[in-house]
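Summary of structural features
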Amino acid sequence: MKQRIADPVSRVPFSVIREMSQRAAAYDNVITLGIGEPDFHTPAAISRLALQDAENGATHYTPAQGDPELLRAVLDYLQVRNSESLGTSNVVITHGGMGALNAFFRLTLEPGDEVIIPEPYFPSYKPQVEWVGGVVAGVHTRPEDGFIPRIEDLESAVTPQSKALLLNTPNNPTGAVYPVALLEEITAFAKRHDLLVLSDEVYERLYFTPETPRCIRSFPGMEERTVVIHSFSKSFAMTGWRIGYAFGPEWLITPMIKVASYYTSCASSVSQRAALAALKNQDLFESMYQEFENRRDLICERLAAMEHIRLTRADGAFYVFPDISHYSRDSRQFALDLLDRQQVVVVPGEAFGSGYTDCIRIAFTIGRDRINAAMDRLEAYLASLQ
Ligand code: PLP
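Below or above, wherever it landed, is the structure these notes cover. Numbering of residues starts from 1 in each chain and follows the order in which that chain's sequence is written. Side-chain atom pairs in this predicted model are given and counted only at pLDDT of 80 or more, local residue features only at pLDDT of at least 70, and totals for whole chains, interfaces and linings cover all residues. Water and hydrogen atoms were dropped before computing side-chain values, which therefore reflect all heavy atoms in the structure.

This next bit is on the layout of surface pockets. By volume, the largest pocket amounts to about 1300 Å³. Counting residues per element, the ones that place at least two in the lining of the largest pocket are α2 (16-24), α5 (96-108), α6 (125-130) and α9 (232-235). If one sorts the elements of the lining of the largest pocket by residue count, α6 sits on top with five residues. Of the residues contributing to the lining of the largest pocket, the split by class is 19 nonpolar, 13 polar and eleven charged. A cavity, in this analysis, means grid points on a 1 Å lattice covering only the protein atoms where a 1.4 Å probe fits yet has no way out; a pocket is instead an open set bounded by protein on both sides within 12 Å along at least five of seven lines, and a residue lines either one if it has an atom within 4 Å of a point. Grid points are joined across faces, edges and corners, and a volume is the space filled by probe spheres set on the points. The volume enclosed by the second largest pocket comes to roughly 250 Å³. Forming the boundary of the second largest pocket are Arg81, Asn82, Thr169, Pro170, Glu201, Glu204, Thr212, Pro213, Arg214, Cys215, Ser218 and His230. The class makeup of the residues in the lining of the second largest pocket is three nonpolar, five polar and four charged. Strands here are runs of E lasting at least two residues and helices are runs of H or I lasting at least four, both read from the DSSP assignment and numbered beginning at the N terminus. Nonpolar residues are Ala, Val, Leu, Ile, Met, Phe, Trp, Tyr, Cys and Pro. Charged residues are Asp, Glu, Lys and Arg, and all others, Gly as well, are polar.

Okay, structure coming up:
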């Protein structure tokens, strides 16, 4: 039989992150700073509540839009956290943040439509856009700007095919959190060019700024053109449960429900009960948020002490994206060499955009003692390069 895989899929390589993990498996005593998920397990109380619900019959399809109880709890959550007064027609529960992303691209993009995305960005965006015929227009951001986009650079990415702007704050891989002044400028920009805005806020609870970050949807005139994505994965240590949600105007959410219903029927019923339990027990996560902030402080302190590493302090998520250009301009080779010589896994910057071969992504998803050990090894590796 002729084995033929459709071109858009065969053209996309497996991710560099996967390559690094496979290579790491050959070593003992590896410390991985490569993992993009909390090392914390979902609190046992939450798993127990979900499993109890399963025993009591929460094992059937839910409505495509989501479990009605979870939808109500999400609306309450958004009212408290984002001061959003939304109705049930403004929310859809999805198969993780991923489910919301691909439903949004499916329903908004025609072949040739362009999505403007500040770089560096989460590697899944590009294949998802391309697999529905869209095109990514990347916009370079710079370490000296804290990896937040300049409006003039966004302007130069606009073409007659521009359809949407994708923002991700707090950001993977840089840890940047977009400040209010930038969101105001982006609001004017999106309106000027009549762009839809997809705001990926899956790290919404992980921020280290004194103020809670603002959501772009709350700026004047943005409600009608903005869809926001939240997820239980990172903010509630529930990656394996695969539950997220999108909220926005009814004209976009209604077709999202249609797309979700044809792709997945509905999100997992038991996982939706777990998400509901998480929203009812949010206090269980406070110590995790605090620990991520402590780790951020530690890792920034350790990296800042390394003379030739240029560091942009992370304000959110659980990543830093230091510049290693003093040592190497080939982050892939740097990462492979660091693994081979010191058994530390980091992710090469090139995984997040072609302009980032000078950077590496470090995830602080391990305990502080392991972070210290990893930083000792990184220091020894850098010293060996001098
Ligand atoms: N968006 C960003 C920026 C991410 O980093 C991730 C996961 O790493 C996702 C979306 C998808 O997360 P999930 O589908 O687990 O909610």
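This part is about a nonpolar patch on the surface. Patch membership requires over 30% relative accessible area and the absence of a salt bridge. Like charges are linked within 9 Å, and nonpolar side chains (Val, Leu, Ile, Met, Phe, Trp, Tyr) within 5 Å. Accessible areas in this description were obtained via Shrake-Rupley with a 1.4 Å probe; residue shielding takes into account the shown protein chains only. In the sections that follow, a salt bridge refers to a side-chain nitrogen of Lys or Arg positioned within 4 Å of a carboxyl oxygen of Asp or Glu. On the surface, Ile5, Val9 and Trp131 cluster together into a nonpolar patch covering about 320 Å² of accessible area. With respect to the element layout, Trp131 can be found in the loop between α6 and β4 (135-139).

Our focus in this paragraph is the environment of Thr209. If you trace the backbone, Thr209 turns up in the loop between β6 (196-200) and β7 (226-231). Note on exposure labels: buried denotes an accessible area under 20% of the residue type's maximum, exposed denotes more than 50%, and partly exposed covers the range between, all computed with a 1.4 Å probe on protein chains only. For Thr209, a relative accessible area of 22% puts it in the partly exposed group. Spatially, the C-alpha atoms of Thr209 and Gly316 are 7.6 Å apart, while their sequence positions differ by 107 residues. Side-chain polar atoms of Thr209 contact the backbone oxygen of Glu211, separated by 2.7 Å. For this analysis, a polar contact is any N or O atom pair within 3.5 Å, provided that within protein one partner can donate a hydrogen and the other can accept it, and provided that sequence-adjacent residues contribute only side-chain to side-chain pairs.

Its location among the elements puts Leu107 in helix α5. Since its relative accessible area comes to 23%, Leu107 is described here as partly exposed. Residues Leu107 and Val227, spaced 120 residues apart in sequence, show a C-alpha to C-alpha distance of 12 Å. Any two residues whose heavy atoms approach within 4.5 Å at even a single point are treated as in contact. In contact with Leu107, other than residues within four places in its own chain, are Leu252, Pro255, Met256 and Val259.

This part is about the sheet that holds strand β11 (residues 347-348). Strand pairing in a sheet takes place through backbone hydrogen bonds and is either antiparallel or parallel in direction. Think of it this way: DSSP has to see at least two bridges between two strands before they count as a pair. With antiparallel pairing, the three strands of this open sheet are ordered in space as β9-β12-β11. Each edge of the open sheet is held by one strand with a lone partner, namely β9 (319-320) and β11. Summarising the sheet, β9 and strand β12 (residues 360-363) pair through two bridges and their orientation is antiparallel. Counted as the bridge partner of Tyr319 is Ala363 from β12.

Here the residue pair Glu119 and Pro120 is connected by a cis peptide bond, since its omega of -5° sits within 30 degrees of zero. Along the chain, Pro120 falls in the loop between β3 (114-118) and α6. The omega torsion across Asn172 and Pro173 is 20°, close enough to zero to call that bond cis. Turning to its location among the elements, Pro173 is positioned in the loop between β5 (162-168) and α8 (180-192). A positive phi is found at Arg242, a non-glycine position, where the angle reads about 60°. Mapped onto the elements, Arg242 comes out in the loop between α9 and β8 (243-247). Look at Arg242 and you get partly exposed, because its relative accessible area is 25%. One non-glycine residue, Ser265, adopts positive backbone phi at about 65°. By relative accessible area, Ser265 is classed as partly exposed at 32%.

Attention now goes to the packing of aromatic side chains. Two rings from Phe, Tyr or Trp (for Trp, the six-membered ring) form a pair when their centres are within 6.5 Å of each other. A pair whose planes differ by under 30 degrees is stacked, one over 60 is edge-to-face, and the rest are tilted. All chains considered together, the criterion is met by 19 aromatic pairs. Judged by centre distance (5.1 Å) and plane angle (35°), the ring pair of Phe292 and Phe318 falls under tilted. In this pair, Phe292 is assigned in helix α12 (residues 286-304) and Phe318 in the loop between α12 and β9, connecting sequence segments 26 residues apart. Aromatic side chains Phe334 and Tyr381 sit 5.3 Å apart centroid to centroid with 75° between the ring planes, which places their arrangement in the edge-to-face category. A residue pair is termed long-range when its members are at least 10 positions apart, and Phe334 in helix α13 (residues 331-342) and Tyr381 in helix α14 (residues 368-385) qualify at 47 residues. Both residues of the pair, Phe334 and Tyr381, belong to the buried class. Grouped by ring-pair contacts, the aromatic residues Tyr77, Phe232, Phe236, Tyr245, Phe247 and Phe285 constitute a single cluster. Just above the ring of Phe14 sits the side chain of Arg18; from NZ or CZ to the centre is 3.7 Å. By the criterion adopted, a ring carries a charge over it if an Arg CZ or a Lys NZ lies within 6 Å of its centre and within 35 degrees of its normal. Taking NZ or CZ as reference, Arg214 lies 4.2 Å from the ring centre of Phe219, over its face.

With that out of the way, let us pick up the pairing of strand β2 (residues 91-95). Most of β2 is tucked away: four of the five residues are buried. When β2 meets β8, the two strands line up antiparallel, connected through five bridges. The partner of Thr94 across the bridge, within β8, is Gly244.

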